[in-house]
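Spelled out from the first residue to the last, the chains are:
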Amino acid sequence: MQFKLHPVPECIKSRNPAPHVSSIEQYKEIYEESIKNPTEFWGKLANELITWNTPFQTVLSGGFEHGDVTWFREGQLNASYNCVDRHALKNPDKVAIIYEADEPGQDRKITYGELLRDVCRFANVLKAHGVKKGDTVAIYMPMVPEAVVAFLACARLGAIHSVVFAGFSSDSLRNRILDASSRFVITADEGCRGGKIINTKKIVDEALLGCPDVERVFVFRRTGSSSVPFSSPRDVWWHEEVEKQRPHCPPEIVNAEDPLFILYTSGSTGKPKGLLHTTAGYLLGAATTLKYVFDYHEGDIYGCMADIGWITGHTYIIYGPLAIGGTTVLFESTPVYPSPSRYWEVVAKHKITQFYTAPTAIRLLRKFGREHVDPHDLSSLRVIGSVGEPINPEAWEWYNEVVGRNVCSVVDTYWQTETGSIIVTPLPGCTSTKPGSATFPFFGIDVAILNPESGEEITSTEAEGVLAIRRPWPSMARTVYNDHNRYLDTYLRPYKGYYFSGDGVGRDCDGYYWIRGRVDDVINVSGHRLSTAEIESALIMHSATAEAAAIGVASELKGQCVHAFVTLKPNCEGTDVKDLILQVSKNIGSFAKPEKIYIVNDLPKTRSGKIMRRVLRKIVDGQTDSLGDLTTLADPKIVNTLIENVKKS
């Protein structure tokens with residue numbers, strides 16, 4: 001399929017202050033220097049963007065062979081100081097966090113001075129209850145400012161936070177507490193999301209029935225409900241404890257390679273992997289990408305709509321914006337509560353300049369129509385971003401035209417929990433974009449496309465294979481917690497000398513990169529390698545399609561054939577499946593047309609919005625007794641509905 005090339009909008013190129021990178025020639029010059037002299041490049045940025053207590057001498061040592069990568073090894077610092085103190089000392093009245101609560105009209109602003117006092121008080125609370133450097137603290141919190149305080153208080157003490165999305169089941173929470181050996185848990189009485197109450201503390205209590213080593217649970221009062229269970233002396237109230245503490249806590253100085261956090265991500269085996277990120281390298285990756293990918297300047301209001309329970313929330317709600325002294329929006333609600341206008345009301349109210357969300361949300365809002373967008377003043381927007389999975393071109397175009405009004409830079413970013421920060425992306429002031437393409441590697445990211453079978457690099461301009469990276473970068477995860485061999489087996493051993501992303505990728509004649517999704521989401525039909533993203537994009541081009549998920553199913557004749565699950569837009573129930581098949585055939589070729597299409601009401605998605613295609617494959621294959629880990633599903637009930645749907649078909 002051919003896609004229109006979108007040049008950088010004139011208003012972006014001509015603005016004052018100018019973009020940090022204002023021409024493709026400047027990008028190429030900086031990128032080539034970052035690959036040619038990576039230690040000089042990253043060393044200079046580390047001194048520009050990070051405050052060190054002890055300077056580093058060695059920028060990089062170790063490598064992929066043994067998984068012994070270290071960055072800035074002699075350096076010492078504190079992440080909390082870098083994110084709060086140095087900005088509070090310079091400008092205590094600058095707004096650090098804009099909290100947009102679940103219910104409209106309940107927003108509030110927290111300055112850097114206030115944030116510093118809150119972080120110090122809660123750090124002193126943790127210290128008083130025995131939390132010390134190297135301890136692992138589980139955080140299971142709703143999207144409230146106190147969650148950010150909890151992150152930074154742990155970092156202030158040199159404790160390792162292990163944040164669990166506050167939507168996971170008690171079993172999932174228990175497994176993560178046990179795996180990380182967390183003796184302390186931070187939570188809230190209840191959470192609020194989309195007008196509904198989430199029984200956060202009750203879920204924690206159920207989880208802790210199997211966690212005998214947990215010594216203390218710190219409970220923030222979000223709703224004040226009188227029915228919330230409380231077990232003294234194990235449980236203590238946040239508000240009562242902080243009243244006892246002074247608003248000063250000296251930051252614990254840690255080594256650059258000391259752990260900052262553990263974050264669990266799904267594994268192919270079903271057992272989550274606890275990826276460990278270190279302090280300096282991660283912080284540098286977060287700050288650098290926030291500055292350049294979103295072209296952040298003083299006075300901007302940055303709004304990432306992710307949840308803090310995922311890596312996007314860690315990097316682009318908390319650590320990235322705060323590390324560079326920015327103003328970040330913390331959004332507690334959903335895109336459609338109380339109406340599908342909510343995002344745009346928030347943008348207009350707070351004059352957000354950079355807006356970052358997932359393709360799932362973009363497709364959902366596109367389904368409701370532009371009438372929910374057009375009435376709102378979105379003139380403050382300069383950069384609009386996409387994250388989480390490949391975005392289909394039609395959704396990209398809608399996002400650009402309806403939300404960006406054709407005057408914003410669209411940054412379709414590619415990265416992973418494992419990478420820590422964005423690794424392939426447009427830059428707002430210099431990159432002409434193609435809908436659906438992540439475009440070019442970020443500075444210092446030495447991308448290679450490998451033949452999936454031989455592991456040989458494909459050096460031609462046009463290429464199709466697996467995405468790998470030739471050399472380390474600062475924000476990459478260092479290991480899987482307590483299982484370094486699993487880390488090596490998953491990322492560094494499949495293709496010797498490379499980091500293996502697990503994703504397929506294409507490079508077109510112009511050198512643009514197109515992320516195809518997980519390698520196991522590539523379908524081989526009669527020798528044609530088709531990505532699920534490509535098939536889904538074709539299906540979504542049909543005017544009746546809201547969402548689509550494609551999978552590969554074993555075929556005696558073709559090796560694999562395509563099956564697709566499709567949800568329809570309102571009032572499109574009578575759509576002929578043959579029209580959908582024709583849409584794929586028309587846009588890709590007859591070899592790609594689905595053998596079977598299932599019209600369904602919803603798709604199995606994780607709480608971060610990713611479609612779980614492995615569940616669909618198992619259902620179609622009749623392996624419903626071995627569906628694997630379903631704890632990450634937003635709505636587990638959908639599985640039985642899909643099973644019945646497939647049986648009927």
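Residues numbered from 1 in each chain as written. Predicted model: local features only at pLDDT ≥ 70, side-chain atom pairs only at ≥ 80, totals over all residues. Heavy atoms only, no water.

Q: Describe the packing of helix 6 (residues 145-157) against helix 11 (residues 311-323), and please don't skip the residues or the numbers.
A: When two helices pack together, you describe them by how their axes are tilted relative to each other and by the distance separating the axes. Axis separation between helix 6 and helix 11 bottoms out at 12 Å; the angle between their running directions is 60°. The angle between helix 6 and helix 11 falls in the class oblique. Judged by the twist between their axes, the crossing of helix 6 over helix 11 is right-handed. In this structure, helix 6 uses Val-148, Phe-151, Leu-152 and Ala-155 to contact helix 11, whose residues at the interface are His-314, Ile-318, Tyr-319 and Leu-322. For the contact of helix 6 with helix 11, the residue count by class is seven nonpolar, one polar and no charged. (Axes fitted to C-alpha atoms, helices over the stretch in contact; angles between N-to-C directions. Helix = DSSP H or I, 4+ residues; strand = E, 2+ residues; numbered from the N terminus. Parallel < 35°, antiparallel > 145°, perpendicular 65-115°, else oblique. Left-handed = near helix turned anticlockwise from the far one by under 90°. Contact = heavy atoms within 4.5 Å. Nonpolar A, V, L, I, M, F, W, Y, C, P; charged D, E, K, R; others polar.)

Q: Would you mind going over the packing of helix 4 (residues 79-90) against helix 11 in detail, with residue names and values included?
A: Taken N-terminus to C-terminus, the directions of helix 4 and helix 11 make an angle of 55°; their axes are 8 Å apart at the nearest point. Judged by the angle between their axes, helix 4 and helix 11 are oblique. Pair helix 4 / helix 11 crosses with left-handed handedness. Facing helix 4, whose interface residues are Ala-79, Asn-82, Cys-83, Arg-86 and His-87, helix 11 presents Tyr-319, Leu-322 and Ala-323. Broken down by class, the residue content of the contact of helix 4 with helix 11 amounts to five nonpolar, two polar and one charged.

Q: Which residues make up the pairing of strand 8 (residues 184-188), and what values go with them?
A: When you tally the buried positions in strand 8, you get five out of five residues, the bulk of the element. Every second residue of strand 8 is oriented toward a common face, with Phe-184, Ile-186 and Ala-188 on one face and Val-185 and Thr-187 on the other, all of them buried. Bridge count for strand 6 (residues 136-140) against strand 8 is four bridges, and the pairing is parallel. The partner of Ile-139 across the bridge, within strand 8, is Ile-186. Here strand 8 runs beside strand 11 (residues 216-220); their pairing, made up of five bridges, is parallel. The residue bridging Ile-186 from the neighbouring strand is Phe-218, located in strand 11. (Buried < 20%, exposed > 50% of the residue type's maximum accessible area, 1.4 Å probe, protein only. Pairing = 2+ DSSP bridges.)

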